Amino acid sequence: MKVVGLMSGTSGDGVDAALVEITGRNKSLRAHTLAAQTLAYPRTLQQRIVTASVSGTVGEICHLNALLGEWFADAALQVIRRAKLRPTDIALIGSHGQTVHHLPHGIQAPGVGAIRSTLQIAEPAVIAERTGITTIGNFRARDIAAGGQGAPLTPAAHALLLKHPKRARLVVNLGGISNVTYVPRGGSEEGVVAFDTGPANMVLDGLVSRLTGGRFLMDRDGKMASRGKADTRLLGKLLAHPFLSKRPPKSTGREEFGPALVDELIRAQHQQKLSMEDLLATCSMWTAKAVGTSRRWIRGHVDEVVVGGGGVRNRVIMGHLSSVFSPVPVTTFDALGWDSKAFEAVAFALLAYQTALGRWGNLPAVTGATHPVILGAVVPAGPHWIKRFHT
Ligand SMILES: Nc1ncnc2c1ncn2[C@@H]1O[C@H](COP(=O)(O)OP(=O)(O)O)[C@@H](O)[C@H]1O
Ligand SMILES: [Mg+2]
């Protein structure tokens, strides 16, 4: 089955799209990527998303939901064209959407208790309408309804696609936020442990954009950090961030590692008279060390660390990860034949495939849900999807 996966993470850098051929189920499940690409958001749109995620009005979020639906549909159509296929060749789209808010800890509601919530936008109805392809979106909501944090959902894909018969792998994703998945030897789902580890590109991007007045949006290849020196005092403070010592299941986002933290870091930079390069060097090391704290909650032996996400291209973080995990070797998704930047899009193609087959998508031990559930809300392209209920 040909499935398109669409993903835009907490970085808000653009829509990653992957066209994936998926066959089989359980142990015989196989997937490979036919095409992958990123449709980058223009700077103004990225800024709108970041702002809306913190202080967006209902009107702005309502509008962005429809607007991003168009961007996601475009990303799907482009990746289909890149594979020299037509929309009619595609069975399904799985779209993560764009997270604008994530409140996994719950807010007390009188008489009801703690209510957890999450909000992903990029209207699936728009995607289905523009592409003519049945679209599954809103994957996180059902896991939350079942008592989970709604995140992370990619570990199921890590276990299915990145398992190794003889080696236990620690899969690291360096997106806006960093997260890890422990995939035991052979990939048995029972042994999978996964959680967010803390800051990654979101903090670095926020700093670069603020300190260069928007001239640069990321520390490309880690070049700026490579010219600086990590500050021990600030690093010590950052390593004391309460999220790092929290016990899993845990997930986080822009609420904890977004603009408020960037403000704080810039204040610390002024107080301690650090250069931009020193500040980036400090936060790059913080990222790697925060990933390293994951070992505290992983009992099993790790034979290999495999890193994916846009941060793979940051040489400074990658260098620190090698030191943090030494002597365990650190490699990348690309080295295993998967495009690092597109893997999360592949994961949502796979989750959509599982839903279409009526299979569970979440790992309760990972999200904290009370039971496994079928994830997502389906927008049928046409009557063929509905007809199956009338036979
Ligand atoms: N060449 C590069 N050098 C350093 N960082 C990069 C590079 N390319 C991408 N990135 C980082 O990766 C981020 C996007 O990664 P991605 O995996 O899409 O994260 P998310 O899932 O949070 O959107 C960008 O915001 C940027 O910080
Ligand atoms: Mg992204």
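Calculation notes
- Residues numbered from 1 in each chain as written.
- Chains lettered and ligands numbered in written order.
- Predicted model: local features only at pLDDT ≥ 70, side-chain atom pairs only at ≥ 80, totals over all residues.
- Helix = DSSP H or I, 4+ residues; strand = E, 2+ residues; numbered from the N terminus.
- Rg over C-alpha atoms; globule rule 2.2 N^0.38 Å.
- Buried ≥ 20, exposed ≤ 12 C-beta atoms within 10 Å, placed from the backbone.
- Contact = placed C-beta atoms within 7 Å.
- Near = placed C-beta within 6 Å.
- Nonpolar A, V, L, I, M, F, W, Y, C, P; charged D, E, K, R; others polar.
- Domains from an automatic or database assignment.
- Axes fitted to C-alpha atoms, helices over the stretch in contact; angles between N-to-C directions.
- Parallel < 35°, antiparallel > 145°, perpendicular 65-115°, else oblique.
- Left-handed = near helix turned anticlockwise from the far one by under 90°.

(A) Local environment of the overall build of the chain. Each helix and strand in the chain was counted, giving 16 helices and 12 strands. Taking 21 Å as the expected radius of gyration for a compact globule of 391 residues, we find that the chain reaches 20 Å, a close match to that expectation. With respect to the three principal axes, the spread of C-alpha positions in the chain is 70 × 55 × 50 Å. Burial status across the chain gives 52% buried among its 391 residues. A separation threshold of at least 6 residues defines the contact pool for the chain, and within that pool the share at least 24 residues apart is 72%.

(B) Spotlight on the site of ligand 1. What surrounds ligand 1 is a group of 23 residues, the closest being G9, G175, G176, N201 and G310. The biggest single contributor to the shell around ligand 1 is helix α6 (residues 201–211), with 3 residues. Grouping the amino acids of the shell around ligand 1 by side-chain chemistry returns 2 nonpolar, 12 polar and 9 charged. For the shell around ligand 1, the two domains that each supply at least three residues are domain 1 (2–153 + 342–390) and domain 2 (163–337).

(C) Layout of the domain arrangement of the chain. Segmenting the chain into domains produces domain 1 (2–153 + 342–390) and domain 2 (163–337). Placing a centre on the C-alpha atoms of domain 1 and another on those of domain 2 gives a separation of 24 Å. Each partner contributes to the interface: domain 1 provides 19 residues, whereas domain 2 provides 23 residues. Elements that contribute at least two residues to the side of domain 1 that touches domain 2 include exactly α1 (43–55), β4 (92–109) and α15 (364–367). Partitioning the side of domain 1 that touches domain 2 into residue classes produces 8 nonpolar, 9 polar and 2 charged.

(D) Spotlight on the packing of α1 against helix α2 (residues 58–82). The geometry of α1 relative to α2 is characterised by a closest axis approach of 10 Å and an angle of 135 degrees between their N-to-C directions. Looking at the two axes, α1 sits oblique to α2. Judged by the sense of rotation from one axis to the other, the crossing of α1 with α2 is left-handed. Between α1, through R48, I49 and A52, and α2, the contact on the second element is made entirely by E60, I61 and L64. Partitioning the contact of α1 with α2 into residue classes produces 4 nonpolar, no polar and 2 charged.

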